[in-house]
Amino acid sequence: MSASKVKNIVPLLDRVLVQRIKPVEKTASGIYIPEKAQEASNQGRVIAVGKGALNKDGSYLPLQVAAGDKVILPSFGGSSVKIQDEEYFLFRDSEILAKVEEN
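This section reports on the structure supplied with the text. (Residues numbered from 1 in each chain as written. Predicted model: local features only at pLDDT ≥ 70, side-chain atom pairs only at ≥ 80, totals over all residues. Heavy atoms only, no water.)

What about the sheet that holds strand E2 (residues 43-49)?
Strand order in the open sheet made by the six strands is E4-E5-E1-E2-E3-E6, with antiparallel pairing throughout. Only two strands of the sheet have a single neighbouring strand rather than two, namely strand E4 (79-83) and strand E6 (98-100). Direction aside, the axes of adjacent strands within the sheet are offset by 40° on average. When E4 meets strand E5 (residues 86-92), the two strands line up antiparallel, connected through five bridges. Within the sheet, the bridge partner assigned to Lys82 lies in E5 and is Glu87. (Pairing = 2+ DSSP bridges. Helix = DSSP H or I, 4+ residues; strand = E, 2+ residues; numbered from the N terminus. Axes fitted to C-alpha atoms, helices over the stretch in contact; angles between N-to-C directions.)

Here it is in structure tokens:
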């Protein structure tokens, strides 16, 4: 996937572009897990964010997440976007369940 293609996508308002983290394909002992048996990942990495929602005064409300953050996503929802065989999702900032703090 070309990084420049993703940089061309700028989410509007309070939307966030997220790529789901791929599930584990093999166990620690080296056994490959069939695709149907893999757990669907509810974690993702924020690729790009919009400016934020507008308030009554016309100024932008800041988003809770930033590009590069690891987040927990709902099981369903988001708008699917495919770019060169890679799948991304657009979520509203309020739909993202949590941000994972990495120390």
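And the narrative resumes.
Looking at the pairing of E5
Both faces of the sheet carry side chains from a regular strand, because those side chains alternate between them. Bridge count between strand E1 (residues 15-20) and E5: four bridges; the pairing is antiparallel. Bridge assignment links Arg15 to a residue of E5, and that residue is Arg92. Taken together, E4 and the strand that follows it, E5, pair antiparallel across an intervening segment of two residues, in which Gln84 is found at a positive phi of about 45°.

Points about the pairing of E1
Burial analysis of E1 places five of its six residues in the buried class, which makes it a mostly covered element. Pairing of E1 with E2 involves five bridges; the strand directions are antiparallel. Of the residues in E2, the one forming a bridge with Val18 is Val46. (Buried < 20%, exposed > 50% of the residue type's maximum accessible area, 1.4 Å probe, protein only.)

As for the packing of aromatic side chains
For the coordinates displayed, the defined rule picks out one aromatic pair. Considering the side-chain rings of Phe89 and Phe91, the 6.3 Å spacing of their centres and the 40° angle between planes classify their relative orientation as tilted. For Phe89, a relative accessible area of 14% translates into the label buried. We note Arg20 situated over the ring of Phe89; from NZ or CZ to the ring centre the distance is 5.0 Å. (Phe/Tyr/Trp six-rings, centres within 6.5 Å; stacked < 30°, edge-to-face > 60°. Lys NZ or Arg CZ within 6 Å of the ring centre and 35° of its normal.)

Things to note about the side chain of Lys70
With respect to the secondary-structure elements, Lys70 resides in strand E3 (residues 70-72). Reaching out from Lys70, the side chain makes a polar contact with the side chain of Gln43 at a distance of 3.3 Å. (Polar contact = N/O pair within 3.5 Å; in protein donor to acceptor, adjacent residues only side chain to side chain.)

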